[in-house]
Amino acid sequence: MLFLVAALLLLGIVLGTVAHVPLSVSLAAAAVIGAWLAVFAYRERHARRGRTTN
């Protein structure tokens, strides 16, 4: 329950920050986060392919 409260608090802080920064900064941050997630997904997919199941 405490984790949920902390997550909602963090979400509120982030959304409040996005509302006060220029749109270009928000879009740049979104692009960086999207690229990071794409790299992570690519690495996870290739790491699972490399493992052999015996």
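Keep in mind the model is a prediction, meaning the values are calculated, not measured. The numbers attached to residues start from 1 for each chain and follow its sequence in the written order. Two thresholds apply to this predicted model, a pLDDT of at least 70 for residue-level local features and 80 or more for giving and counting side-chain atom pairs, whereas whole-chain, interface and lining totals are computed over all residues. As a convention, hydrogens and water are excluded, and side-chain values are obtained from all of the structure's heavy atoms.

A.B. asks: Looking at this structure, how should I read the side chain of S26?
C.D. replies: Within the element layout of this structure, S26 appears in helix α2 (residues 23–50). Throughout this description, buried means an accessible area under 20% of the type-specific maximum (1.4 Å probe, protein chains only), exposed means over 50%, and partly exposed covers the range between. Judged by relative accessible area, S26 falls into the buried class, the value being 17%. Note on contacts: a residue pair qualifies if any of its non-hydrogen atoms lie within 4.5 Å across the two residues. If we ignore the near neighbours within four places in the chain, the residues touching S26 are V18 and V21. The numbering of helices and of strands both runs from the N terminus, where a helix is a DSSP run of H or I of at least 4 residues and a strand a run of E of at least 2.

A.B. asks: In this structure, what is going on with the UniProt feature "transmembrane region" (unreviewed entry) in the protein? I would like to understand it.
C.D. replies: In the numbering adopted here, UniProt assigns the feature "transmembrane region" (unreviewed entry) to residues 26–42. Along residues 26–42 one finds 100% helix and 0% strand; the C-alpha atoms at either end are 24 Å apart. UniProt positions are given in the numbering used here, feature names are shortened, and annotations may be inferred rather than shown by experiment.

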